[in-house]
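# Structural overview
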Amino acid sequence: MSRVIVPAFCLVALFSFAIALHGQAPTWQPPDEAGQGQTPLMPVHQEPHHRQLFQHGPMRIIDLQIPPGDMSWFHTHEWPVFYLTVADSQTRTQILGLEWGARARGAGPGAGAPRGAAPPAGAPAAGPPAVAPAAPPAGPPAAPRAGGPGARAGGARGGGFRPRLMSDVSYATAAVTHRIHNNGTGLYRAIGVINETQGGDEAVTEEAAGFSGKAEMTNRWFRVHRLALAPGEKSPAHQHKAPVVVLQDSAGKATATGAMTFEFNEPGQWGFFDSGARHEIANTGAERIELIEVEVRRK
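Residues numbered from 1 in each chain as written. Predicted model: local features only at pLDDT ≥ 70, side-chain atom pairs only at ≥ 80, totals over all residues. Heavy atoms only, no water.

### Quick look at the nonpolar core
Within the largest apolar cluster, 18 residues are counted, with the highest numbers of intra-cluster contacts made by Phe-82, Val-245, Leu-247 and Val-294. Elements with a contribution of two residues or more to this core: β3 (59-66), β5 (81-87), β9 (188-195), β11 (222-229), β12 (244-248) and β17 (289-296). Residues in contact with Val-294, not counting those within four places in the same chain, are Phe-82, Phe-222, Arg-223, Val-224, Pro-243, Val-244, Val-245 and Leu-247. (Core = buried A, V, L, I, M, F, W, Y, C linked by side-chain atoms within 4.5 Å. Buried < 20%, exposed > 50% of the residue type's maximum accessible area, 1.4 Å probe, protein only. Helix = DSSP H or I, 4+ residues; strand = E, 2+ residues; numbered from the N terminus. Contact = heavy atoms within 4.5 Å.)

Quick look at the structure:
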């Protein structure tokens, strides 16, 4: 008899424990139309539209996707972030406690009002502007890039809503909680790299950091270099002083080989190499490809 009673008692205890845990789980409550009442308020990498792809120490890679008409939950940014826009669409942002479109520090990638639009009257001063990318490298034209200037959602030309490459470093001085609404007609997608450190030594040169040529974007938290490869071309084997995220910025196919091998076959795909990890990148397709190496700077 005891051999029957003991397992049954264990099952009852486990069931009771599961009910208790369920009772302790936070109840998700969406905000009202005015943006009030959401629970819980969450860090950006836990917001459902900002899917975390990878974490290595104080560095995270997130995939932000908001379909047309959809809206993120309120989420908090506390650390600088770099974005590669993969698919562009008009969006608007509401910072917690403010009206839709009122800009404050750290408006982030959702602040995609049409270019040249004036800020709302009485809106707080905007934070530091996104760093504009340098001119692309010379050579034969690459396959069309997704998103960014001159490309609307769906690939049509004629003025974008935001830079293709941008970084928001204002979060380092003032955390921001906001939500993003895609009020455009296409998918809005961006790959984000978050640097949860105080940044790196800006005196380190490109050569000392393991790069050749001029950076396309640089600040204390990120340094971005572009790599353009013709069909069959391969980069020299190299390594970097800081961790590096490799992001595909055009159509094409490539592999990045080092401690691990990463395959690239569409814009937005990513790879990662830790500091000191030797690697090389090869174009394995039939068209020119562009990738960027994002140095996640730290001391």
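After that view, the rundown keeps rolling.
### Comments concerning the pairing of strand β7 (residues 165-168)
Covered by surrounding structure in β7 are Leu-165 and Ser-167 together with Met-166 and Asp-168, the residues of both alternating faces. As paired strands, β5 and β7 are joined by 4 bridges and run antiparallel to one another. The residue bridging Val-81 from the neighbouring strand is Asp-168, located in β7. (Pairing = 2+ DSSP bridges.)

### Focus on the packing of aromatic side chains
What the rule picks out here adds up to 6 aromatic pairs. Taken together, a centroid distance of 5.0 Å and an interplanar angle of 45° make the contact between Phe-54 and Phe-272 tilted. Taken as a pair, Phe-54 in strand β2 (residues 50-56) and Phe-272 in strand β15 (residues 270-273) lie far apart in primary sequence, 218 residues in all. With a relative accessible area of 23%, Phe-54 lands in the partly exposed category. Its relative accessible area of 10% is what places Phe-272 among the buried residues. Seen from their ring centres, Phe-82 and Phe-222 are 6.2 Å apart, and the 45° between their planes marks the pair as tilted. With Phe-82 in strand β5 and Phe-222 in strand β11, this pair connects stretches of sequence that are 140 residues apart. One aromatic cluster is present, formed by Phe-54, Phe-262, Trp-270, Phe-272 and Phe-273 through successive ring pairs. Directly above the aromatic system of Trp-100 lies the positively charged group of Arg-92, at a separation of 4.1 Å from the ring centroid. (Phe/Tyr/Trp six-rings, centres within 6.5 Å; stacked < 30°, edge-to-face > 60°. Lys NZ or Arg CZ within 6 Å of the ring centre and 35° of its normal.)

### Some details on the confidence of the model for the protein
On average, the protein scores 82 in pLDDT, and the residues at 70 or more come to 72%. Below pLDDT 50 for its whole length, residues 112-138 participates in 46 contacts with residues either more than four positions away or in separate chains. When the criterion is pLDDT under 50, residues 148-158 qualifies, and its contacts beyond four places in sequence or with other chains add up to 29 contacts. (pLDDT = per-residue confidence, 0-100.)

### Some points on the sheet that holds strand β14 (residues 261-264)
If you trace the 3 strands from one edge of the open sheet to the other, you get β14-β13-β16, paired in antiparallel fashion. The strands lining the two open edges of the sheet, one partner per strand, are β14 and β16 (280-283). When the angles between neighbouring strand axes are averaged without regard to direction, this sheet yields 15°. Judged from the 4 bridges that link them, strand β13 (residues 254-257) and β16 form a sheet pairing that is antiparallel. In the sheet register, Thr-255 faces β16, and the bridge partner there is Ala-282. (Axes fitted to C-alpha atoms, helices over the stretch in contact; angles between N-to-C directions.)

### Overview of the environment of Asp-274
Relative to the elements of secondary structure, Asp-274 occurs in the loop between β15 and β16. For Asp-274, a relative accessible area of 30% corresponds to the partly exposed category. Sequence spacing of Asp-274 and Val-244 is 30 residues, and the spatial spacing of their C-alpha atoms is 6.3 Å. Residues in contact with Asp-274, not counting those within four places in the same chain, are His-56 and Pro-243.

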